[in-house]
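Coordinates in review
Okay, here's what each chain looks like letter by letter:
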Amino acid sequence: MIIIPTPTQSFASHKVSLAGLTYDFTFRYNTFQGMWYLDIYLNNAAVILGQALLPTNVLFYGKPIKNFDHGVLMVLRNVDTTEPLGRDNLGGSKLYSLYYLSNEEWNEILNG
């Protein structure tokens with residue numbers, strides 16, 4: 001399991017290496033909706049655009065995505081809280097983090 005670096009500002013892009021591939025992750029916070037969105041690119045080609053980041057919602061599970069078939073992404077709580085995911089609480093040392101799980105790790109969770 002890998003914690004994906006997340007932004008400290010409402011719009012940020014950075015490179016993330018997963019399964020031997022280097023992706024460009026772009027995070028956008030929509031103030032009106034109060035929600036984070038994620039765009040992922042590989043070699044300047046869109047892998048997925050406008051994916052809402054919701055706690056415990058598994059991104060890509062059951063939806064084969066070309067160029068991202070090696071694992072899943074999921075926003076999880078780092079601590080027990082009732083505070084909703086928001087602009088300033090997503091990140092490794094904050095209330096919520098974006099995690100990457102390889103297919104093997106995800107299958108182990110599902111199947112024990």
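In the block above lies the structure referred to throughout.
Residues numbered from 1 in each chain as written. Predicted model: local features only at pLDDT ≥ 70, side-chain atom pairs only at ≥ 80, totals over all residues. Heavy atoms only, no water.

1. What about the environment of Ala52?
Its location among the elements puts Ala52 in strand β5 (residues 45–53). C-alpha of Ala52 to C-alpha of Leu73: the two residues are 21 residues apart in sequence and 11 Å apart in space. Look past the residues within four positions of Ala52 in its chain and what remains in contact with it is Met35, Trp36, Tyr37 and Asn57. (Helix = DSSP H or I, 4+ residues; strand = E, 2+ residues; numbered from the N terminus. Contact = heavy atoms within 4.5 Å.)

2. Quick look at the pairing of strand β8 (residues 96–102)
The side chains of a regular strand alternate, residue by residue, between the two faces of the sheet. In terms of burial, β8 is largely enclosed, as seven of its seven residues are buried. Across the two faces of β8 the burial is the same, with Tyr96, Leu98, Tyr100 and Ser102 and Ser97, Tyr99 and Leu101 all buried. Both strand β1 (residues 2–4) and β8 contribute to a ladder of three bridges, which runs antiparallel. Looking at the pairing, Ile4 lines up with Leu98 of β8. Relative to β8, strand β7 (residues 71–77) runs antiparallel, the two sharing seven bridges. Bridging from a neighbouring strand, Val75 pairs with Leu98 of β8. (Buried < 20%, exposed > 50% of the residue type's maximum accessible area, 1.4 Å probe, protein only. Pairing = 2+ DSSP bridges.)

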